[in-house]
Amino acid sequence: MFPRYSVSFILSVVVYSVYCLEVTELPSPPGEKSCNLEASASCKINQNSGFQQLELEEAQEKIRLLEDKIEELASRIQPNQQNYPDIKFRTYKDRKRILITGGAGFVGSHLVDKLMLDGHEVTVVDNYFTGRKRNVEHWLGHENFELLHHDVVNPLYLEVDEIYHLASPASPPHYMYNPVKTIKTNTVGTVNMLGLAKRVKARILIGSTSEVYGDPEVHPQPETYWGHVNPIGPRACYDEGKRVAETLAYAYEKQSNVSVRVARIFNTYGPRMHANDGRVVSNFIIQALQGDPITVYGNGEQTRSFQYVSDLVNGLVALMESNYSKPVNIGNPDERSIITFAKEIKEMVGGKSEIRHLPPVEDDPQRRRPIIDLAKKVLHWEPTVPLRKGLKKTVDYFRAELSRKNHSERNLGAIEFEP
């Protein structure tokens, strides 16, 4: 490697070189014989002087080019001057090495923020199918952060203390795009992460979903409900993939004594959602902002329960740190119909968008609401962000996103957590 000389030192050498060129006598030009041998000394002096001036100008031009090159090289070897958010200081005794699969995605990137601000070393693994590098680019170069472009269906060998396994497309258009790949991510990918946890004796949290309950016949849904899922329907690649992921987790726990946690995640919204993920919140907000019709599938009487992303992340961390190993619902029990939700967003955004009804989607769950008594008891957790407050942040994010004209116009949304 080159020695990292300072710019001032390099320029001092250049200035000294210029001085040497100015005081050193340059050789006489080859055309000197053209002068009359009996010419006066002043003729020779004038000729030499003119030749030296020409050479000096050429040397100075070369030096200017050299200075520009030195400045360019010096800019490359300067230490990273990026201003990172303030983080909590931890010693080696309580600083954890944490792996987050799918960490460049919507939920994963917010989890990265929380764990980085808390002073841990975080490694993100993502294949960028739905995740985006710019969701975590504000941490690039930080000594506690590492980003790997990797697909979890391939084995991964790292030394870590905890694993948050969130890798999987989670919206219907994305997981239906390649059903076989979705199944592989939730089965082969989960086996790989459980195998890693077994090898390094790490605790692993499996990011499961409320979709394991299918179109429920029990309402609201407790963790003890086994679900009502169509195993060959269009959503089966995701629903059954997550059910198998849970089965794998508890098989590894029983057979290999792996420490597992399972979070059944209900509908979540907030900044950094993928604009084209087809979910209710992002669809309605973008349609309203663009003045397009707000599309509701069916009569709109089907219900959902929406939690803000910071509430979910706090729940995931609380579950990881707990001593409870069975599945836990992480969601908001505030249940609303889709048509009511569409009207709220239309009112908040404004504009002239009309609500348009389309044919219902196959296997679309009619009711969804978690019972979170277990989370309150064992995690001391419950959602705290009111719907309107969370929606305002999300609307502001998408409004800024739609107005971006250059890549340099960063739009990450505010970091939701304190160090």
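The present account deals with the structure reproduced in this document. Just so we're clear, the structure is a prediction, and the values are computed from it rather than from any experiment.

## Re the overall build of the protein chain
Then comes step 1: A count of helical and extended segments in the protein chain gives eleven helices and 13 strands.
Then comes step 2: Restricting the contact set of the protein chain to residue pairs at least 6 apart, pairs at least 24 apart contribute 81%.

## Topic: the pattern of salt bridges
Then comes step 1: One pass over the structure, following the stated rule, counts 25 salt bridges.
Then comes step 2: Where Glu61 meets Arg64, a salt bridge forms, and the shortest distance between an N and an O atom there is 2.7 Å. Placement of the pair is Glu61 and Arg64 together in helix H2 (residues 41-77), with a separation of three residues, close to one helical turn.
Then comes step 3: A salt bridge links Asp94 to Arg90; the shortest N-O distance between them is 3.4 Å.
Then comes step 4: Since its relative accessible area comes to 12%, Arg90 is described here as buried.
Then comes step 5: Put simply, Glu211, Arg235, Arg304, Asp364 and Arg368 are held in one network by salt bridges that share partners.

## Observations concerning the nonpolar core
Then comes step 1: Counting residues in each nonpolar core, the largest one holds 58 residues, and the members touching the most others are Ile100, Val112 and Tyr164.
Then comes step 2: Here this core takes eight residues from helix H8 (residues 309-321), the largest share from any one element.
Then comes step 3: In this structure, Val112 is in contact with Ile100, Gly103, Val122, Val124, Val136, Trp139 and Phe145, ignoring residues within four places of it in sequence.
Then comes step 4: Residues Val152, Leu156, Val200 and Tyr250 belong to the second largest nonpolar core, which totals 24 residues.

## A short note on the pairing of strand S6 (residues 260-265)
Then comes step 1: The element S6 is extensively covered by neighbouring structure, given that six of its six residues are classed as buried.
Then comes step 2: Burial of the side chains of S6 extends over both faces: Val260, Val262 and Arg264 are buried on one face and Arg261, Ala263 and Ile265 on the other.
Then comes step 3: One ladder, built from six bridges, connects strand S5 (residues 203-209) with S6; its direction is parallel. Bridge assignment links Gly207 to a residue of S6, and that residue is Ala263.
Then comes step 4: Regarding topology, helix H6 (residues 236-256) serves as the crossover connection from S5 to the parallel S6, and that connection is right-handed.
Then comes step 5: For S6 and strand S11 (residues 328-330), the ladder comprises three bridges, and the chain directions are parallel.

## Examining unusual backbone geometry
Then comes step 1: Look at the link from His219 to Pro220: it is a cis peptide, with omega at -10 degrees.
Then comes step 2: Looking at the element boundaries, Pro220 is found in the loop between S5 and H6.
Then comes step 3: Positive phi is not limited to glycine here, since Arg272 has a value of about 80 degrees.
Then comes step 4: Along the chain, Arg272 falls in the loop between strand S7 (268-269) and helix H7 (280-289).
Then comes step 5: Phi at His380 takes a positive value of approximately 55 degrees, unusual for a residue other than glycine.
Then comes step 6: Looking at the secondary structure, you find His380 in the loop between helix H10 (373-379) and helix H11 (387-403).
Then comes step 7: Exposure remark for His380: the relative accessible area of 72% places this residue in the exposed category.

## Remarks on the packing of aromatic side chains
In this description, an aromatic ring pair is defined by two values, namely the gap between the centres and the angle between the planes.
Then comes step 1: This structure, assessed with the given rule, holds eight aromatic pairs.
Then comes step 2: Ring centres of Tyr213 and Phe266 lie 6.2 Å apart, and the angle between their planes is 40 degrees; this geometry places the pair in the tilted category. Residue Tyr213 is located in the loop between S5 and H6, and its partner Phe266 is located in the loop between S6 and S7; the two are separated by 53 residues in the primary sequence.
Then comes step 3: For Phe266, a relative accessible area of 2% puts it in the buried group.

Cut-offs used in this document
The residue numbers shown here count from 1 along each chain, following its written sequence. Totals for whole chains, interfaces and linings use every residue, but because this is a predicted model, local features are given only for residues with pLDDT of at least 70 and side-chain atom pairs only at 80 or more, for both listing and counting. The side-chain figures draw on all heavy atoms in the structure; neither hydrogens nor water molecules are used. Note on conventions: DSSP H or I runs of at least 4 residues are helices, E runs of at least 2 residues are strands, and numbering of each starts at the N terminus. Contacts were defined at the residue level, with two residues in contact if any of their heavy atoms lie within 4.5 Å. Basic side-chain nitrogens of Lys or Arg form a salt bridge, by our definition, when they fall within 4 Å of a carboxyl oxygen of Asp or Glu. For the exposure calls, accessible area comes from a 1.4 Å probe over protein chains only, and a residue counts as buried if that area is under 20% of its type's maximum, exposed if over 50%, partly exposed in between. To qualify as a nonpolar core, a set must consist of buried Ala, Val, Leu, Ile, Met, Phe, Trp, Tyr and Cys residues joined through side-chain atoms within 4.5 Å. Strand pairing requires that DSSP identify at least two bridges connecting the strands. When the strands point away from the viewer, a crossover counts as right-handed if the route from the first strand across the helix to the second turns clockwise. Put simply, two rings from Phe, Tyr or Trp (the six-membered ring, in Trp's case) pair if the centres are within 6.5 Å, and we call them stacked under 30 degrees between planes, edge-to-face over 60, tilted for the rest.

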